[in-house]
Structure formats: C-alpha cells, structure tokens
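# What the coordinates show
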Amino acid sequence: MKPLEYRHTFLVRFFHWWNGIAMILLALSGFYIHTPLKFAIFPSMDIARQIHFIFMYAVAAGVIGRIYYACASGDSKNFKLRFADFGNMIGLMKYYLFISDELPDFGEKYNPGQKSMYLTFVPLILIQGITGIILYWPTLFNHLGAFFGGAHVIRIVHYIVAWIFVYCIVVHLYLDFSEGWANIVGMITGHRPADFHHQHQKKRPGTIPAGAEKTAKG
C-alpha cells in the first residue's frame, strides 16, 4: 500500500463541499428563476426562490468561514500568487490541454490555476451578493440599483457572473477527474498518495516515459 500524506484538514474539506454544493444549488435555482419554462427542474417559482435565498446565505457564511479559517490557521499563505505563477500557468495549461505529458510540480499546495480561481471567487461572490440583493429588494435599494445602471444592467451582470461560476465548476471537475481519483478521494478523506508528484514530475497515466521506447527497442 502506498504511503499517504495528510493534505486537507477537516475544515478545509468541510468548507470545500459546503460551498461547492451551495453554489450548485444557487446556480440551478437561479437558472430556473431566469427561465422557468426552459429550465423546469423545480415544482414552482416559490420553491426555487426559497432555495436560492437559503443558499445565498449558505454561500456567504461558507466564504466568510473559509476566509477566517485561512487567516487564523495560516492557510492563506497557500493562496499567495507569485510573479512566477504567471509563467508557470503556461506549463500547467499545456498539460491539461494534452500538449504535454508532464504535470509540473510547483512545490506548493495549490497550483497557479487553483490559486487564481479561488482568489477570483471572492470578488465574484461579492458581486453576486450585491446584485442579488438589489434584484430581490428593488424598491428598498432603488437608488443603489440606479447607481449601477438600473435593474436591466444588474440582471445582466448577475447572469454573466452566474455562468462564470458554472464554467469554473465544470473546469474544476474536469481537472480533478483528469488526474484520477487521488484528488477527489483526498478532498473526502484528507489524504493523498505521497508520491503524487514523484521527483517533481508525474507522467500522465498511460503514457510512456521519455527514453523508455528506445530502451524497449534495444
């Protein structure tokens, strides 16, 4: 049995699944509210609105809790973007786009793509919260709504950001599944194989290491 490393604490895993599930339900209920006839997955508009409203608070609580935990535990250092991350992003994209067979090891808990996505989530959630509140209470926040261009503009911004979240979640799932079950199981149990990045490189499953073909042929 391969040795395991403890990668994610309980609270990291808790907030990951809490926020992930809440965002998915927010997106589903939001698309129903936007186009109930084309996206009829809820029994009624009232139920969809209640779900949307409940998980709006759930996401807000989850994000605040995750930020507090990151600052209190020192986990925030894992999200710090370095200047080198912008160059390292090229190697990361080449691997996930199947241009390269080698998954780089950047010597950090999160790769540049993960850090960029997680840091982008915070302002996007803030935008969704503000625009969502204005849309839910248009009379109470009519002056604020007018300041941002009116209800039509706010509705468009809210809709576009919702799609950004959907695309991010889809990409996140693709990247996890492309690496096999190790990352997914790690976010459930907290452990991952210690040799996941053996010698700072990891060949994509099923590929032949460089030089191996020549050795096989003699």
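Parameters at a glance
Residues numbered from 1 in each chain as written. Predicted model: local features only at pLDDT ≥ 70, side-chain atom pairs only at ≥ 80, totals over all residues. Heavy atoms only, no water. Axes fitted to C-alpha atoms, helices over the stretch in contact; angles between N-to-C directions. Helix = DSSP H or I, 4+ residues; strand = E, 2+ residues; numbered from the N terminus. Contact = heavy atoms within 4.5 Å. Nonpolar A, V, L, I, M, F, W, Y, C, P; charged D, E, K, R; others polar. Phe/Tyr/Trp six-rings, centres within 6.5 Å; stacked < 30°, edge-to-face > 60°. Buried < 20%, exposed > 50% of the residue type's maximum accessible area, 1.4 Å probe, protein only. pLDDT = per-residue confidence, 0-100. Patch = residues over 30% accessible without salt bridge, like charges linked within 9 Å, V, L, I, M, F, W, Y side chains within 5 Å. Areas by Shrake-Rupley, 256 points an atom, 1.4 Å probe, with all protein chains shown as cover. Salt bridge = Lys/Arg side-chain N within 4 Å of Asp/Glu carboxyl O. Expected span 1.5 Å × (residues − 1).

### What about the packing of helix α3 (residues 83-96) against helix α4 (residues 112-136)?
Where α3 contacts α4, the two axes come as close as 8 Å, and the packing angle between them is 115°. Side by side, α3 and α4 meet where D85, N88, M89 and L92 of the first sit next to P112, G113, K115 and S116 of the second. In terms of residue class, the contact of α3 with α4 is built from three nonpolar, three polar and two charged.

### Quick look at the packing of aromatic side chains
With the rule as written, the count across this model stands at 18 aromatic pairs. With a centroid separation of 5.4 Å and 70° between ring planes, the pair formed by F14 and F15 is classed as edge-to-face. Overall, F14 belongs to the partly exposed group, its relative accessible area being 36%. By relative accessible area, F15 is classed as buried at 12%. Aromatic side chains F14 and W18 sit 5.5 Å apart centroid to centroid with 35° between the ring planes, which places their arrangement in the tilted category. Here F14 pairs with W18, and both are found in helix α1 (residues 10-34), just four residues apart, close to one helical turn. Members of the aromatic cluster, joined through ring pairs, are F31, F39, Y159, W163 and Y167.

### Quick look at the environment of A162
Summarising the element assignment, A162 is placed in helix α6 (residues 151-178). C-alpha separation for the pair A162 and M23, spaced 139 residues apart in sequence, amounts to 9.4 Å.

### A short note on the confidence of the model for the protein chain
Confidence in the prediction of the protein chain, expressed as mean pLDDT, is 83, and 89% of residues score 70 or more. Predicted confidence for residues 204-218 stays below pLDDT 50, and this span has nine contacts to residues more than four positions away or in other chains.

### Quick look at a nonpolar patch on the surface
A cluster of nonpolar side chains, contributed by L126, I130, L144, F147 and F148, occupies part of the molecular surface with about 510 Å² of accessible area. Contributions of two or more residues to the nonpolar patch are made by α4 and α5 (142-147). When you line up the elements, F147 lands in helix α5.

### A look at α6
In this model, α6 (28 residues) spans 41 Å end to end at C-alpha, consistent with the 40 Å of a helix rising 1.5 Å per residue. When we look at burial in α6, the residues that qualify are I154, H158, V161, A162, F165, V166, C168, H172, D176 and S178. Lining the buried residues of α6 we find α1, α2 (45-73), α3, α4, α5 and α7 (181-189). G180 lies just past α6 and shows a positive phi near 85°.

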